[in-house]
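The primary structure of each chain is shown beneath.
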Amino acid sequence: MSNNLANFVWSIADQLRGVYKPNKYGDVILPMTILRRMECVLEPHRKLIARLAATTPADVLELLVRDQTGLTFYNTSPYSLARILEEPENLRGNLKAYLDGFSGNVSDLFTHYKFDVEIDTLDANDRLFLVLDRFSKVDLGPRRKTGDGGWTGITNAQMGTLFEDLIRRFAAASNETAGEHFTPRDAVRLLVDLLVEPDSDVLTGPVVRTVYDPTAGTGGMLSVLDERLTEMNSKAQVVMHGQELNAQSYAICKSELIGKGQDADNIALGDTLANDHHFDKRFDYVLSNPPYGGDWKASQSAVLDEIEADGGRFPGGLPPISDGQMLFLQLVASKMRPPAQGGGRAGIVLNGSPLFTGGAESGPSEIRRYLLEADLVDAIVALPTDMFFNTGIATYMWVLDNAKPEERRGKVQLIDGREFFTKLRRNLGSKNKEVGDKDRERILRIYTAFDEQSEADAPYSKVLEPDDFGYHEITVEQPLRLRFEITDDTLAEVTSAKQVHRLSEENRAKLVAGLQTLRGQVWFDRAEFVPVLRKACRDAGYVLPAPMVKVWQKIGVHDEDAVICTDKNGNPEPDPALRDTEIVPFDRDIEEYFETEVKPHVPDAWIDHAKTKVGYEIPFTRLFYTYIPPRPLEEIDAELDRLAREIIELLQVVES
């Protein structure tokens, strides 16, 4: 039904041809759709609101309307789209008066669309009547029974799908990224079901659940979670909160949620990273699909101030400025209700980089370390590729929980859901797969079974401990062995050095002259070469100062037959060119690993323990890798012989 409705609403855009380019149709169609939806929601209450407005001071009108109708917004003007059409000579003025009649908590919806400009454009080009007429005939009222026992109107879910479908079409027409505005419903349903699964046994009777999305988009995630909770318990009261940066998406989200009776003030406009409008609130459920790979330069100053003050929402540290995903990962973790108040759960969709990007003690590694050591990561699910409208890359759902049940404490479940999908008959942007009902049920079954998987599901689930993702990065040094010989190449290295360039021309010439006297000789011991170097330069008239003695670094070249260079205490010096690092998992002793894995290959090596670092990564692909042995050589040879015979036969046919 919603798809047919989207087609009908989209057809209204035909009235805009010639006045607007296709990529601008949304500037009219989307706010008009919002306006019509709000009008239909208000329709049964118009007379009551008019009476209240006539006798009630403005500062208490909102409370009375909420109390007597359940709505969190109102309109006090005498107009409707149908009434405006009755006075075609004053369409523009009456429509603007109609918009001015909305309560202050929703009037900004049209301001952010700059809809007054579009009204002027439509009126100046004789399109305003046509657009208003078509929209006045669309029933966008809430789902309700008719007098004959049937049903009319559209549900909140259908309304959300309608908004999203329109945005996707307009984004495609303007070559924009539709996925920036909303997440496919199949992905949202999976995330929502993963979040509420542990709540299924306790969500009974009159309960209140608070929900938050810091990247709310058009509100699709909030709406689906609302529908799922009320489906589980019709007496559940769901209080939704959100924040969105894009003004149009914010307007759509806000209009959809107020149509459900939610408080319009719970949806905020702005950059969540820089200015959290819900800074003092924590929630039962938090969910988000932040931008993939988007930089956070615009938020940098505010984020740094917050971290400097008390760590705030980002206790694990900072990711690279080029990708803010891991800021949102920490943000959703910080917004869960504290364990002392019952705890909370969070779900977020990310690409693969937060799993492994960054070396030991880098920003991303430290963020992973914080989340894992705090036992906040409940599960990570790998999704099929080509599931989203704007990207075909690998994506993952992180499920966080700060009050895990006993059996899941100290554990992290990884689920490989990459094979659980249904192919679409027609691509939607980059999306050609969906997680169908059966696919979603199987992933949920694997999640619920935890460490007691069936034989069929076992290959798709791994239950690990946080330490399984940790490692030590050790620095392996090898001794410095240098051979010293004055050649054209080593002389060029010396004369190109910065400290030599700083010498006066006279001293530089003396230095070179001294070095020239050493041609034809080779030293395999630095302790022997340096005194010879000093004497040669002194004999040439230039006394090497202490800093200049290190010109030997430009002369010496690595040679395994050379004597090991030592410091003043007799300890071997490391060769920077041979320095290497090794990754040692937490479950292996560093010294044991070094003795068995390194020493047999480089007997003179040692560990510089001062440089040892701690890192965390989640090697999802490697953990689920299945080795497929190559075909036997006999089989490959037989196939090559067969192909060779076929080629010869084809050549013979051509020649004949």
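One numbering rule holds for all chains: residues counted from 1, following each sequence as written. A pLDDT threshold of at least 70 governs which residues receive local features in this predicted model, and a stricter bar of 80 or more applies before side-chain atom pairs are shown or counted, although totals over entire chains, interfaces and linings include all residues. Hydrogens are left out, water is left out, and the side-chain values use all remaining heavy atoms of the structure.

Is there a simple way to think about the overall build of the protein chain in this case?
To qualify as a helix, a DSSP run of H or I must reach at least 4 residues; to qualify as a strand, a run of E must reach at least 2; elements of each kind are numbered from the N terminus. What the protein chain contains, in helices and strands, is 26 helices and 20 strands. Here the protein chain has a C-alpha radius of gyration of 35 Å; the compact-globule value for 656 residues is 26 Å, and the former is much larger. In terms of overall dimensions, the protein chain has C-alpha extents of about 110 × 75 × 70 Å along its principal axes. Relative accessible area decides the class of each residue, using a 1.4 Å probe on protein chains only: under 20% of the type maximum gives buried, over 50% gives exposed, and in between gives partly exposed. Within the protein chain, the proportion of its 656 residues that are buried is 48%. Note on definitions: a residue-residue contact is assigned when non-hydrogen atoms from the two residues lie within 4.5 Å. Counting only contacts in the protein chain whose residues sit at least 6 apart along the sequence, the fraction spanning at least 24 positions is 75%. In these tables, accessible area is a Shrake-Rupley quantity obtained with a 1.4 Å probe, and a residue counts as shielded only by the protein chains included in the view. Of the accessible surface of the protein chain, which amounts to about 31,400 Å², a share of 50% is contributed by carbon and sulfur atoms. The charge count includes Lys and Arg as positive and Asp and Glu as negative, but it does not include His or the ends of the chains. By convention, the charge on Lys lies at NZ, on Arg at CZ, on Asp at CG and on Glu at CD. Taking the average place of the 75 positive charges on the side chains of the protein chain and the average place of its 105 negative ones, the gap between the two points comes to 4 Å. With C-alpha atoms as the basis for the radius of gyration, the globule rule is written as 2.2 Å multiplied by the number of residues raised to the power 0.38.

Just to check I follow, could you spell out the sheet that holds strand β16 (residues 522-523) for this structure?
By way of backbone hydrogen bonds, the strands of a sheet pair with one another, either parallel or antiparallel. Read from one edge to the other, the open sheet built from three strands follows the order β16-β15-β17, with strand pairing classed as antiparallel. Either end of the sheet is taken by a strand with one partner, and the two such strands are β16 and β17 (557-558). If DSSP finds at least two bridges between two strands, the strands pair.

Quick question: what am I supposed to make of the sheet that holds strand β10 (residues 412-416) here?
The strand order across the open sheet built from nine strands is β5-β4-β3-β6-β7-β9-β8-β10-β13, with neighbouring strands paired in mixed fashion. In the strand order of this sheet, the two ends are held by β5 (267-269) and β13 (461-464), each with one partner. On average, each strand axis in the sheet is tilted by 15 degrees relative to the strand beside it, whichever way the strands run. In this sheet, strand β9 (residues 395-401) lies alongside strand β8 (residues 377-382) in antiparallel orientation, the contact comprising five bridges. Bridge pairing in β9 links V377 to L400. In this analysis, axes come from line fits to C-alpha atoms, helices being fitted only over the stretch in contact, and the angle between any two N-to-C directions falls in the range 0 to 180 degrees.

How should I be thinking about the packing of helix α2 (residues 26-42) against helix α7 (residues 104-112) in this particular structure?
The description of two packed helices rests on the angle between their axes and on the distance between the axes. Two elements in contact, α2 and α7, have axes whose closest approach is 10 Å; the angle formed by their N-to-C orientations is 155 degrees. When the interaxial angle is binned, α2 and α7 end up roughly antiparallel. Of the two elements, α2 crosses α7, and the hand of that crossing is left-handed. Facing α2, whose interface residues are P31, I34, L35 and M38, α7 presents V106, L109 and F110. Throughout this entry, Asp, Glu, Lys and Arg are counted as charged residues, while Ala, Val, Leu, Ile, Met, Phe, Trp, Tyr, Cys and Pro are counted as nonpolar. The remaining residues, Gly among them, count as polar. Of the residues contributing to the contact of α2 with α7, the split by class is seven nonpolar, no polar and no charged. Relative orientations are named as follows: roughly parallel for angles under 35 degrees, roughly antiparallel for angles over 145 degrees, roughly perpendicular for angles from 65 to 115 degrees, and oblique for any other angle. In this scheme the crossing of two helices becomes right-handed for a clockwise turn of the near helix relative to the far one and left-handed for an anticlockwise turn of less than a right angle.

I tried to follow the environment of N23 on my own but got confused; where do I start?
Along the chain, N23 turns up in the loop between α1 (2-11) and α2. Taking the relative accessible area as the measure of exposure, N23 reaches 35% and is therefore partly exposed. Along the primary structure N23 and F170 are separated by 147 residues, whereas in three dimensions their C-alpha atoms are 6.2 Å apart.

Which parts of the structure should I look at to understand the environment of T357?
Here T357 lies in the loop between α16 (353-356) and α17 (363-373). The residues contacting T357, other than those within four sequence positions of it, are P364, S365 and R368.

Just checking my understanding: could you explain the pairing of strand β6 (residues 285-288) for this structure?
A regular strand places its side chains so that they alternate between the two faces of the sheet. Residues Y285 and L287 point to one face of β6 and V286 and S288 to the other, with burial holding for every one of them. Of the strand pairs in this sheet, strand β3 (residues 208-213) and β6 are connected by two bridges, and their pairing is parallel. Each residue of the ladder has a partner; that of Y212, found in β6, is V286. Sheet topology note: the β6/strand β7 (residues 345-351) ladder contains four bridges and is parallel. The residue of β7 that forms the bridge with S288 is I348.

Can you help me understand helix α9 (residues 128-136) in this one?
In an α-helix there are 3.6 residues to a turn, and that puts residues three or four apart on one side. What α9 keeps buried is the set L128, V131, L132, F135 and S136. For α9, the angular spread of buried residues about the axis comes to 125 degrees, placing them on one side. By arc we mean the arc of the directions from the helix axis to the C-beta atoms, nothing more.

Explanation requested: the packing of helix α6 (residues 91-100) against helix α8 (residues 115-124) in the structure shown.
Where α6 meets α8, the axes come as close as 10 Å, and the angle between the chain directions of the two elements is 160 degrees. By the angle between their directions, the pair α6 and α8 is classed as roughly antiparallel. Of the two elements, α6 crosses α8, and the hand of that crossing is right-handed. Along the contact surface, α6 presents R92, L95, K96 and L99, while α8 presents F115, D116, I119, D120 and D123. A breakdown of the residues in the contact of α6 with α8 according to their chemical character gives four nonpolar, no polar and five charged.

What is the right way to read the pattern of salt bridges from this model?
Pairing between side chains of opposite charge can happen when their charged atoms approach one another. Here a salt bridge means any side-chain nitrogen of Lys or Arg lying within 4 Å of a carboxyl oxygen belonging to Asp or Glu. Counted by the stated rule, this structure contains 46 salt bridges. Note that D193 is salt-bridged to R440, the shortest N-O span being 3.0 Å. Highlighted residues: D193 in helix α11 (residues 185-196) and R440 in helix α18 (residues 437-449), separated in sequence by 247 residues. No difference in accessibility class separates D193 from R440, as the two residues are buried. A salt bridge links R313 to E306, with the shortest nitrogen-to-oxygen separation between them at 2.9 Å.

Teacher, can you tell me more about a negative patch on the surface here?
Residues qualify for a patch when their relative accessible area is over 30% and they have no salt bridge, like charges being joined within 9 Å and the nonpolar side chains of Val, Leu, Ile, Met, Phe, Trp and Tyr within 5 Å. A surface patch of negative charge is lined by E465, D467, D468 and D587. Along the chain, D468 turns up in the loop between β13 and β14 (470-477).

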